[in-house]
Amino acid sequence: MPNIRKRIYVAGHRGMVGSAIVRCLQRQEHAHIITRTHAELDLTQQADVRALFESERPDEVYLAAARVGGIHANNTYPAEFIHGNLMVQANVIHEAWRSGVRKLLFLGSSCIYPRMAAQPMDESALLQGSLEPTNEPYAIAKIAGIKMCESYNRQYGTDYRSVMPTNLYGPGDNYHPENSHVVPALIRRLHDARLADAPSVAIWGSGKPRREFLYVDDMAEACVHVMNLPAHELAAHTRPMQSHVNVGTGDDLSIAELAALVADVVGFGGRLEYDSSKPDGAPRKLLDVGLLRRLGWQASTSLRDGLERAYADFQARHAQEAASAHAA
C-alpha cells in the first residue's frame, strides 16, 4: 500500500513556535505541511479561514498563531491582544470542526493561571483566582481557547487538545528591545551594550521575580508528542473540563540570575542596574510538569545551551539585517 502522509496545517508557521513545530514535523518526514503567511491569509477573517479549510482539508491542525509580547507590549496594546487572539482562535477552531478536522492542538500560555497561584502551578489552578493585571486580556483570550477546545470536544466529540507552555525563547524570537519577552530583550540590550562598551544596563523591575524558560525546539517536540498520544492515554490523565497540559522544564530562576547568565553568554561585563519603578509582573511563575512527564516527555535542552543557540540566532539575523540595510 502507498504511504499516505497526513495533511497538517500549522497556523502561525513563521512565528517562533510555529516554525519550530514545522522543523519538528519535517524531521519526522510523515506529513504534508500546509502553511499560509499573514499576507496570504488573515486569520481574523472568518470567510478567508473557511476557504482555506475547504480547499486544503487538513487532517490535523497546530494552532500556534497568536499576538504575543512582554509586559510593555501587553500594557500598551491590551485591546489588540484580546481581540486579535480571540478572533484567530474562534475562526481556526470553528472552521476546523466545520470542515471535519478531528485533531487539533491549541497553544496557550502559563499566564492563564492566577497571579498568586500556589507554586508550582498545576493544571487544576486554572480559574481559581485573579489574573496578573499586566497581561489579563491576553490570558483571558487563551483561557477562552482552552474552553473552546473542551466545549467542541464535549458537544461534537472532536479531539482538540491544549498545551500551556512556560516562557519560550530560541530561534525565530522577536528581539525588539521593548516589545519582546524578557530573554530576547535581554539578549538585544546586552549585545548592544557590549558593542557600545557601555558601563551599565538598566533592567526593568527589581530582578526578584522568578521565571521558568523553555527552549522553543523542546516545546515543539512536546507539542508533537502530545498531539500523537493515543486518545485513551491522554484521557486517562485528564478530565473533559480540565484537559490542558503544562509544558515546561520544572525549574526556575530569578530575573537577576537570568540577566547575569545572558550577560555571560553575550560577553557583557558591565553593571546590571534594576529599575524598581517598572512593573515586575507576577512574583513567580513555575509550572508543575508532572502530568507531561507521566505522559512520557520532558525537556532536554539546558538553559545555558539554549541561550547560546538563541544568541547565535540573534547574531545571524542581526548581521543579515545590517547587510540588507547596507545594500539598500
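Keep in mind that this is a model prediction, so the values were computed, not measured.

Details of the pattern of salt bridges
Thinking step 1. Inspection of the entire model under this criterion finds 19 salt bridges.
Thinking step 2. Across the salt bridge formed by Arg 7 and Glu 56, the nearest N and O atoms sit 2.5 Å from each other. Of the two residues, Arg 7 sits in strand 1 (residues 6–11) while Glu 56 sits in helix 2 (residues 46–56), which places them 49 residues apart along the sequence.
Thinking step 3. Among the residues examined, Glu 56 registers a relative accessible area of 18% and is labelled buried.
Thinking step 4. Here Glu 221 and Arg 27 are joined by a salt bridge, their closest N and O atoms 3.8 Å apart. In this pair, Glu 221 sits in helix 7 (residues 216–228) while Arg 27 sits in helix 1 (residues 16–28), placing the two residues 194 residues apart along the sequence.
Thinking step 5. Here the salt bridges share partners, and the residues they tie into one network are Arg 210, Asp 252, Glu 257 and Arg 284.

A short note on the pairing of strand 4 (residues 103–107)
Thinking step 1. Burial runs high along strand 4: 5 of the 5 residues are buried.
Thinking step 2. The side-chain alternation of strand 4 yields two buried faces, one formed by Lys 103, Leu 105 and Leu 107 and the other by Leu 104 and Phe 106.
Thinking step 3. In this structure, strand 3 (residues 60–63) lies alongside strand 4, joined through 4 bridges in parallel fashion. When the sheet's bridge partners are listed, Val 61 is paired in strand 4 with Leu 104.
Thinking step 4. Inspection of the sheet shows strand 4 paired to strand 5 (residues 159–165) by 5 bridges, in the parallel sense. The residue of strand 5 that forms the bridge with Leu 105 is Arg 161.
Thinking step 5. In terms of handedness, the path from strand 4 via helix 5 (residues 136–156) over to strand 5 forms a crossover that is right-handed.

Re the side chain of Asp 217
Thinking step 1. With respect to the secondary-structure elements, Asp 217 resides in helix 7.
Thinking step 2. In contact with Asp 217, other than residues within four places in its own chain, are Ala 20, Arg 23, Arg 27 and Pro 171.

About the thresholds
- Residues numbered from 1 in each chain as written.
- Predicted model: local features only at pLDDT ≥ 70, side-chain atom pairs only at ≥ 80, totals over all residues.
- Heavy atoms only, no water.
- Salt bridge = Lys/Arg side-chain N within 4 Å of Asp/Glu carboxyl O.
- Helix = DSSP H or I, 4+ residues; strand = E, 2+ residues; numbered from the N terminus.
- Buried < 20%, exposed > 50% of the residue type's maximum accessible area, 1.4 Å probe, protein only.
- Pairing = 2+ DSSP bridges.
- Right-handed = clockwise from strand over helix to strand, strands pointing away.
- Contact = heavy atoms within 4.5 Å.

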